[in-house]
Amino acid sequence: KLLIYALHATEVVAQMSDIDLTVEENLEKLKQTCRQSHLQLPYHDTIQRTEQNSLRGQKVSRSRDSSGKNNDFTRKCHEYFLVCEIKRIHTTNSLNKKLLKFCVFFQIYITSTKLFLRQFQNFHLVNNLRRASSVIFTRNSCLKSACYGWRKHRLANPTVKAVTNPVLHGEGPHWDEETGALFFVDISSRLVNRYDPKTGKVTHAEFADSEEEGGGGVSLVVPVANSKATRLLTTDGHKVVIFNWDYTNTTISSTNGGEAFEIVSVDTESSKTGNRWNDGKADANGRLWGGTMGPEPVVGKVTPDQGSFFLVEKNNDYQPITEVTPVSISNGLAWNKDNTLLYYIDTATLQVDVFDFDLEAGTIANRRKVFNLAENNVTGSPDGMTIDNNENLWIACFGGSQIINVDPRTGTLIRSVEIPADQVTSMVFGGPNLDILYVATAQIVLTDQQHEEQPLAGSVFSVTCLGVKALAPAHNIIRTKISE
């Protein structure tokens, strides 16, 4: 009987509820349907008390109606199911639907079963129910944990806010914990930017046009350790360079004897003149891991299999070590807590892969698939990536107007967060508690209509109230020729 009520609630709410309405508005909308079911829906405060009492396992009073039928208990159960189902509908956008439905169903089942047993003194019936439900009862603690996790996520309501003015091609955000500032680049405009959340001010260092042929632009930025982020590593086309910056708006001259100093250059073969550096990060030992991409004669149309994934470190005299080749668009990177796994994205594959990682030796091996966006019906292409304190991945979906949260151990999609820009490029956790997710976006070759629809495209957005934070602060580069 109780299961019938639960299924009825699911069917009624699915047909009648409106995601654009509040819970209270949907409850009002359901009054007529409930009357047709010979059930009177009480006011919302009564429902809240019923829900709270049910969750606490308190006995629900038994009252008789005018006809003498003992229907108070069944009415309250039905109303409780309706409330749970309405709230489930209102949270499915931010949670994995299968997980949420599982948690809600068993929360209802366990709660209603306890209430059911308390309403009757027939011990033979109680014992029979217990035997029939032995599996459910023995796993009650696990189900409670699952329901607690559902309620915790249900309370998390991510807030997305633009914190900078739009740039052309925002990328490579890096949070510097020492100075409490966010660095990011504008690839097409050849800018390294610094955002100070305390003042809201953004300053930039512009790299003068390079004389080298082919690819160009700055694509990543990582502070040099022990420099208070006044010495930074970035890329300039094929080159990795170091420069000093006092955070004022300035122009950095050429790397050829100018204010920026070249450390290494990659993809120098005549067949790869159109290549450029793309994404890159430092590992826990301060080595630079990053890669290149092929020529992009038309935005979004990259020549495939022209790039490589490199390691640059002092022990090899800063000569680049080719780790993976060929790749099309070397992109997002993230390490797990123990630094035994390196997650990696080559955008053209539409998936996230993982390598076994040896931090001390600086080696990777045994590449395998973690998550494929196309196979999971996720819109967009994987771009930048980071990892949270639950060791779940956050992936930017270029062309998808969203970021997604993925469990790399199971390869399942946990949730997605919509970003008001189509071209989502990368992200990093920052802020005093490392619980603000800063998301970079771009607005390259948008049409006039797209600009009207996405006026904030190209901004850096802060995403708060996610219920997670960084696994660890972003690592800085250590031991470079210039810092020595």
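Keep in mind that this is a model prediction, so the values were computed, not measured.

Reading guide: rules and limits
Residues numbered from 1 in each chain as written. Predicted model: local features only at pLDDT ≥ 70, side-chain atom pairs only at ≥ 80, totals over all residues. Heavy atoms only, no water. Pairing = 2+ DSSP bridges. Helix = DSSP H or I, 4+ residues; strand = E, 2+ residues; numbered from the N terminus. Axes fitted to C-alpha atoms, helices over the stretch in contact; angles between N-to-C directions. Salt bridge = Lys/Arg side-chain N within 4 Å of Asp/Glu carboxyl O. Buried < 20%, exposed > 50% of the residue type's maximum accessible area, 1.4 Å probe, protein only. UniProt positions renumbered as here; feature names shortened; annotations may be inferred. Contact = heavy atoms within 4.5 Å. pLDDT = per-residue confidence, 0-100.

K.L.:
Explain the sheet that holds strand β14 (residues 321–327) to me, and be specific about the residues and the numbers.
P.N.:
Two orientations exist for strands paired in a sheet by backbone hydrogen bonds: parallel and antiparallel. The 4 strands lie next to each other as β11-β12-β13-β14, forming an open sheet whose pairing is antiparallel. The open sheet is flanked by β11 (276–282) and β14, the only strands paired with a single partner. Averaged over all neighbouring strand pairs, the angle between strand axes comes to 20 degrees, with direction disregarded. In the sheet, β11 pairs with strand β12 (residues 288–293) via 5 bridges, with the strands oriented antiparallel. Directly across from glycine 280, in β12, lies its bridge partner glycine 290.

K.L.:
Can you break down the pattern of salt bridges residue by residue, with the values?
P.N.:
In this structure the tally under the stated criterion is 7 salt bridges. The partner of arginine 287 in a salt bridge is glutamate 313, and the shortest N-O contact between them spans 3.0 Å. With arginine 287 in the loop between β11 and β12 and glutamate 313 in the loop between β13 (307–312) and β14, the pair connects residues that are 26 residues apart, well separated along the chain. Residues arginine 287 and glutamate 313 agree in their burial class; the two are buried. Across the pair arginine 409 and aspartate 407 runs a salt bridge whose closest N-O atoms are separated by 3.0 Å. Given the relative accessible area of 15%, aspartate 407 is considered buried.

K.L.:
Please provide a residue-by-residue account of the UniProt feature "active site" (unreviewed entry) in the chain, values included.
P.N.:
Residues annotated in UniProt with the feature "active site" (unreviewed entry) correspond here to Asp383. Aspartate 383 has contacts with Glu171, Asn331, Gly332, Ile345, Thr347, Ala396, Phe398, Val424 and Thr425, leaving out every residue within four places of it along the chain.

K.L.:
How would you sum up the confidence of the model for the chain? Please name residues and give values.
P.N.:
Here the chain averages 77 in pLDDT, and 64% of its residues register 70 or above. Under a pLDDT of 50 for its full length, residues 37–70 has, in the predicted model, 52 contacts with residues more than four places off or in other chains. Long-range and interchain partners of residues 112–155, a stretch whose pLDDT sits below 50, account for 50 contacts in this model, where long-range means more than four residues apart.

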